[in-house]
Amino acid sequence: MGVGIEVTNLNAWYGTNHTLQDIQLHIPANHATALIGPSGCGKSTFVRCLNRMHETNPIARVTGSVRIGDIDIYQDASPVEIRRRVGMVFQRPNPFPTMSIYDNVASGLKLNGYSNKKHLDEIVERSLRNSALWDEVKDDLKKKSGASLSGGQQQRMCIARALAVDPEVLLMDEPASALDPVSTSKIEDLIFELKSQYTIVIVTHNMQQAARVAEKTGFFLNGRMVEFDSTHKIFTNPSDKRTEDYITGRFG
Amino acid sequence: MKMATKPNLHSKYRSAVDQLATGLAVAATLLVVAPLVAIFVYLIFKGASSLNLAFFTHVPKPVGETGGGMANAIVGSAVLLGVASVLGIPIGIGGGIYLAEYGRGTKFANAVRFTADVLNGVPSIVMGIAVYSLIVIPQHHFSAFSGGVALGIMMIPTVTRTTEEMLLMVPNSVREAALGLGVPNWRSVLSITLKTASPGVITGCMLAFARVAGETAPLIFTAFGNQFWSASLNEPIAALPLQIYVYAISPYDEWHRLAWGGALVLIILIVLAVSLVRYVTSRGILKGAS
């Protein structure tokens, strides 16, 4: 089951560049939350702070607190433990190029030392079914390289890979921006299905996409969160002038 | 219709330039391949006649007796290269992993990289003398071990630098994918990044291996050579390049013939070893893997 996320006073830097400033946010459990905003506004940095990927960059720094469920991810646990509970899907599909489809999906478990073959088979099948890829790949799971799939299939495989470790939260950083419209709509359907089981945070450039998949939407601008509300409210009656300007296409 | 003639002229010019460039590339390729083919053909011509069963099964005969072979040198080279690989490849790969994955941008890494490049340029005879004073003198005897160490040290810089280069070519998105799954960094480095880079890393190891397989100078003060059977790490040991050197500068025609045979065998064994490693490591690669 998904859990809620409570962000308090979150600040992040790349070197001297203050990319996130005083973010306060409550992301509800088992819902899809979209983050929109122009390029460079900090929304990607924000999701990378939610699974401590931000700090893999040596010049990056974070202050403030993020609680996921009942743990403070910067106080109570190591980055490795956090990332097992908070899965991530990246902008471009990033399959492990040397691995078969099966091994790609099972990699999170296998690399953490899990080796019960029968159970792995079940998890791989369930994850691929959950990511709507099973029927397309079930016949050559172990024969074909993950990198040989089409871009849209690769991205759904990456989603399956993230689901296989059974996270509570799924972060998606523009998961469909490198994909064609058909693949995009498959990913969107998927997000709709998945939010009953996971808390989903999706960064997107595409406002229609945010409107289609998310109950809540946050608008980021210049490292600050300008407005956070129900998606319906953001797109029909935003409180802030800047939000209105952005969604009506006056800038960004 | 001025415009119509212009592109036409242009395309003739372009296709001429294209053909010129292709011709130059083909010529350069031939020049690259020609010396190798010439050496190989000449070696077969000079050396094939002295290859027989005895060459691979007998030790050298004393001066004046005909026949004999280089069996001890073939085994000796295998022992020396085994020691060198066991020593040089893990250290070299470890150093490359440090440079690419942990020390990126640090002063220490830059110093290590610089040292490796200098080490690569150290004349091989100097490596022999260094190992002579570090191992042979304290032990009071020449040994296969010291020869293997000298060759192993020579392998390190090549392996380190190619490993580093190959790891840097692995896209960061692949590292992030592993870390994003909650895989510990060390595990990600070994099972994901290094594995993804492995074809290039293996090529680097093979280059280093093939290079030291033909080295003579570092062995003169270390492995020393041996006219008799020995596979002990603690005794002087024969090696193909040493044996070729000794035979080639001798005044005896019989030994000259054996030297040519030895050179041919050395090249063939290197090609076989490299091909075997390539074959073994290429199995299990999946359809469509990049």
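In what follows, the structure referred to is the one given above.
So, a few notes on the structure that sits alongside this text. Quick caveat, the model's predicted, so the values are computed rather than measured.

## Concerning the overall build of chain A
Then, number 1: Scanning chain A from terminus to terminus reveals 10 helices and 10 strands.
Then, number 2: On C-alpha atoms alone, chain A measures out to a radius of gyration of 18 Å, which is about the 18 Å that the 2.2 N^0.38 rule sets for 252 residues.
Then, number 3: Expressed as lengths along the three principal axes of its C-alpha atoms, the size of chain A is roughly 55 × 40 × 30 Å.
Then, number 4: Look at the contacts in chain A between residues 6 or more apart in sequence, and 70% of them connect residues 24 or more apart.

## Some words on the environment of Lys144(A)
Residue and element names in this part refer to chain A.
Then, number 1: By secondary structure assignment, the location of Lys144 is in the loop between α5 (134-137) and α6 (151-164).
Then, number 2: The exposure class assigned to Lys144 is partly exposed, which follows from the 18 C-beta atoms found within 10 Å.
Then, number 3: Taking the C-alpha atoms as reference, Lys144 lies 8.8 Å from Tyr102; in sequence the two are 42 residues apart.

## Quick look at the interface of chain B and chain A
Then, number 1: With 21 residues of chain B at the interface, the matching set in chain A holds 26 residues.
Then, number 2: If you tally residues by element for the side of chain B that touches chain A, the top one is helix α7 (residues 172-180) of chain B, at 7 residues.
Then, number 3: Residues that form the side of chain B that touches chain A fall into these classes: 10 nonpolar, 7 polar and 4 charged.

## Looking at the sheet that holds strand β10 (residues 224-230) of chain A
Residues and elements named next belong to chain A.
Then, number 1: Strand order in the open sheet formed by 6 strands is β6-β7-β8-β3-β9-β10, and the pairing between neighbours is mixed. Sheet topology places β6 (86-89) and β10 at the edges, where each strand pairs with a single neighbour. Strand-to-strand twist in this sheet, taken as the mean axis angle between neighbours without regard to direction, amounts to 20 degrees.
Then, number 2: Across 5 bridges, strand β7 (residues 169-173) lies against strand β8 (residues 199-203) in parallel orientation. Counted as the bridge partner of Asp173 is Val203 from β8.

## As for α6(A)
Then, number 1: Taking 1.5 Å of rise per residue, 14 residues should cover 20 Å, and α6(A) covers 20 Å from first to last C-alpha, within 8% of that figure.
Then, number 2: Of all 14 residues in α6(A), 13 are buried; the element is thus mostly enclosed.

## Remarks on the sheet that holds strand β2 (residues 17-27) of chain A
All names here are of chain A.
Then, number 1: The antiparallel open sheet is built from 4 strands, whose spatial order is β2-β1-β4-β5. Looking at strand neighbours, the two that pair on one side only are β2 and β5 (71-72), the edges of this open sheet.
Then, number 2: Pairing analysis gives 7 bridges linking strand β1 (residues 5-14) to β2, with the strands arranged antiparallel. The partner of Ala12 across the bridge, within β2, is Leu20.
Then, number 3: Lying on the sheet, helix α1 (residues 43-50) is in contact with β1, β2 and β4 (60-68); it crosses β2 at an angle near 65 degrees.

## A few points about the pairing of strand β9 (residues 216-221) of chain A
All names here are of chain A.
Then, number 1: With 6 of 6 residues buried, β9 lies mostly within the body of the structure.
Then, number 2: Here β9 shows a buried face lined by Lys216, Gly218 and Phe220 and a second buried face lined by Thr217, Phe219 and Leu221.
Then, number 3: Between β9 and β10, which pair antiparallel in sequence order, lie 2 residues; one of them, Asn222, sits at a positive phi of approximately 50 degrees.

## Quick look at the nonpolar core
Then, number 1: Val201(A) and Ile202(A) are the most contacted members of the largest nonpolar core, which totals 81 residues.
Then, number 2: Here this core gets 7 residues from one element, more than from any other, and that element is α6(A).
Then, number 3: Ala84(B), Leu151(B), Ile220(B) and Ile267(B) belong to the second-largest nonpolar core, a separate cluster that totals 62 residues.

## Structural notes on the environment of Arg126(A)
All names here are of chain A.
Then, number 1: Locating Arg126 in the fold gives a position in helix α4 (residues 117-130).
Then, number 2: You can call Arg126 partly exposed: it has 16 C-beta atoms within 10 Å.
Then, number 3: In the structure, Arg126 is positioned 124 residues away from Gly2 in sequence and 18 Å away in space, judged by C-alpha atoms.

## Observations regarding the pairing of β6(A)
Residue and element names in this part refer to chain A.
Then, number 1: Taking every second residue as pointing to the same face, both faces of β6 are buried, with Val86 and Met88 on one and Gly87 and Val89 on the other.
Then, number 2: Here β6 runs beside β7; their pairing, made up of 4 bridges, is parallel. Paired with Val86 across the bridge in β7 is Val169.

Criteria and cut-off values
Numbers given to residues run from 1 along each chain, matching the order in which its sequence is written. Following the order in which they are written, the chains are lettered starting with A and the ligands numbered starting with 1. Residue-level local features of this predicted model are given only where pLDDT is at least 70; pairs of side-chain atoms are given and counted only at 80 or more, and the full residue set underlies all totals for whole chains, interfaces and linings. Secondary structure elements follow DSSP: runs of H or I no shorter than four residues count as helices, runs of E no shorter than two count as strands, and numbering proceeds from the N terminus. We compute the radius of gyration over the C-alpha atoms and compare it with the globule rule, which gives 2.2 Å times the number of residues raised to the power 0.38. Contact between two residues is assigned when their C-beta atoms, built from the backbone, lie within 7 Å. Field definition: a residue is buried when 20 or more other C-beta atoms are found within 10 Å of its C-beta, exposed when 12 or fewer are, and partly exposed for counts in between, with C-beta atoms placed from the backbone. Residue type decides the class: Asp, Glu, Lys and Arg count as charged, Ala, Val, Leu, Ile, Met, Phe, Trp, Tyr, Cys and Pro as nonpolar, and the leftover types, Gly among them, as polar. DSSP-based pairing: two strands are paired if at least 2 bridges between them are found. Orientation is described by axes fitted as lines to C-alpha atoms, over the contacting stretch for helices, and by angles from 0 to 180 degrees between their N-to-C directions. Take the number of residues in a helix, subtract one, and multiply by 1.5 Å to get its expected span. The nonpolar core is taken to be a set of buried Ala, Val, Leu, Ile, Met, Phe, Trp, Tyr and Cys residues joined by way of C-beta atoms within 7 Å.

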